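Descriptive analysis of the structure
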Amino acid sequence: MDYSNDPELNGKYLGTITKDFATVSDTLKEASYQIRKREISKYPIFVFARQEVPLGGLLVNADELNLEWHVFASYLDVFVQQRVISPEGIEAFEQTYKDPEEYCCLFVLDEEFTNFVYVPYPED
């Protein structure tokens, strides 16, 4: 699996992800900070999915905020435990992981598209 930005992320996904991300980016940035500060993981991952998935805890319920994507807070160890990332893939993931102060690591999970996407947080 490619752990860097996927160039195949088409406009259909980019538009809805960007719109929802803009709404929840402050929440995701704070959650990322807390995951790292509490030393849960150096590698927070936020799962964007249209339905419930077993890859972390529900952080943002799309239905409550009139969004298209639910957001689940997760991190690298959960992805390894759930076999999304193989033990052999950990090093490659860590090397491509972008600065969590500036970028949000999303794992977009949908029928037609499943991959990691790094989205920059909006400037304050």
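Given the structure is predicted, the values throughout are model-derived calculations rather than measurements.

Basis of the calculations
- Residues numbered from 1 in each chain as written.
- Predicted model: local features only at pLDDT ≥ 70, side-chain atom pairs only at ≥ 80, totals over all residues.
- Heavy atoms only, no water.
- Buried < 20%, exposed > 50% of the residue type's maximum accessible area, 1.4 Å probe, protein only.
- Helix = DSSP H or I, 4+ residues; strand = E, 2+ residues; numbered from the N terminus.
- Pairing = 2+ DSSP bridges.
- Core = buried A, V, L, I, M, F, W, Y, C linked by side-chain atoms within 4.5 Å.
- Contact = heavy atoms within 4.5 Å.

**Overview of the pairing of strand 4 (residues 103–109)**
Of all seven residues making up strand 4, six are buried, and the element is well covered by its neighbours. Where strand 1 (residues 44–49) meets strand 4, four bridges bridge the pair, whose relative direction is parallel. Looking at the pairing, Phe46 lines up with Leu106 of strand 4. When strand 4 meets strand 5 (residues 114–120), the two strands line up antiparallel, connected through seven bridges. Bridge assignment links Cys105 to a residue of strand 5, and that residue is Tyr118. Two successive antiparallel strands, strand 4 and strand 5, enclose a turn made up of four residues.

**As for the nonpolar core**
Core analysis: the largest hydrophobic core is formed by 21 residues, its most contacted members being Phe21, Leu28, Phe46, Phe48, Leu106 and Val108. Elements with a contribution of two residues or more to this core: helix 1 (11–37), strand 1, strand 4 and strand 5. Residue contributions to this core peak at seven residues, all from helix 1. Once residues lying within four places of it in the same chain are set aside, the contact partners of Phe21 are Leu28, Phe48, Cys104, Leu106, Val119, Pro120, Tyr121 and Pro122. Among the nonpolar cores identified, the runner-up in size contains 17 residues, and Ile45, Leu55, Phe93 and Leu109 belong to it.

**Quick look at the side chain of Ser25**
Considering the arrangement of structural elements, one finds Ser25 in helix 1. Its relative accessible area of 3% is what places Ser25 among the buried residues. With sequence-adjacent residues up to four places away left out, Ser25 is seen in contact with Tyr121 and Pro122.

Geometry only, nothing functional implied.
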